[in-house]
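A closer look at the structure
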Amino acid sequence: QVQLVESGGGLVQAGGSLRLSCAASVSISAINAMGWYRQAPGKQRELVATISSGGSTNYADFVPGRFTISRDNAKNTVYLQMNSLKPEDTAVYYCAADNRALRVIAGTGSYWGQGTQVTVSS
């Protein structure tokens, strides 16, 4: 089994920054794709960003210029650096993983973490 544990969430003011971490129980170099999703109260889960084992990335339309996904294979960890945060970014952020990149992009990845809360005040 692959276990994913998110951390780094918290409360920040609008315009601030947070870095989320997703630590995997296995070597992430052996996982083809990982990504971040989020879900706000009353809204559907939505894609934030994905990254492949080769470093290729995909982002949601609201991300460019604000969020960056990266990975550190030595630490078995994927990161989401979030800058210029807005109140509408408030949500629970989830880490996902699968050996098929299309599954992660589509939101149907095989493995999910328990989530970390991000709250942005106005």
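Heads up: the structure comes first, above all this text.
This report concerns the structure included in the present document. (Residues numbered from 1 in each chain as written. Predicted model: local features only at pLDDT ≥ 70, side-chain atom pairs only at ≥ 80, totals over all residues. Heavy atoms only, no water.)

Our next topic: the environment of F67. Along the chain, F67 turns up in strand β7 (residues 67-72). Here F67 falls in the buried class, since its relative accessible area comes to 3%. As for F67 and L85, which are separated by 18 residues in sequence, their C-alpha atoms are 9.0 Å apart. (Helix = DSSP H or I, 4+ residues; strand = E, 2+ residues; numbered from the N terminus. Buried < 20%, exposed > 50% of the residue type's maximum accessible area, 1.4 Å probe, protein only.)

All right, on to the sheet that holds strand β1 (residues 4-7) then. Read from one edge to the other, the open sheet built from four strands follows the order β1-β3-β8-β7, with strand pairing classed as antiparallel. The open sheet has two free edges, formed respectively by β1 and β7, since each of these has just one partner strand. Within this sheet the neighbouring strands show an average axis-to-axis angle of 15°, counted without direction. When β7 meets strand β8 (residues 77-82), the two strands line up antiparallel, connected through six bridges. Residue pairing across strands places T68 opposite Q81, the latter belonging to β8. (Pairing = 2+ DSSP bridges. Axes fitted to C-alpha atoms, helices over the stretch in contact; angles between N-to-C directions.)

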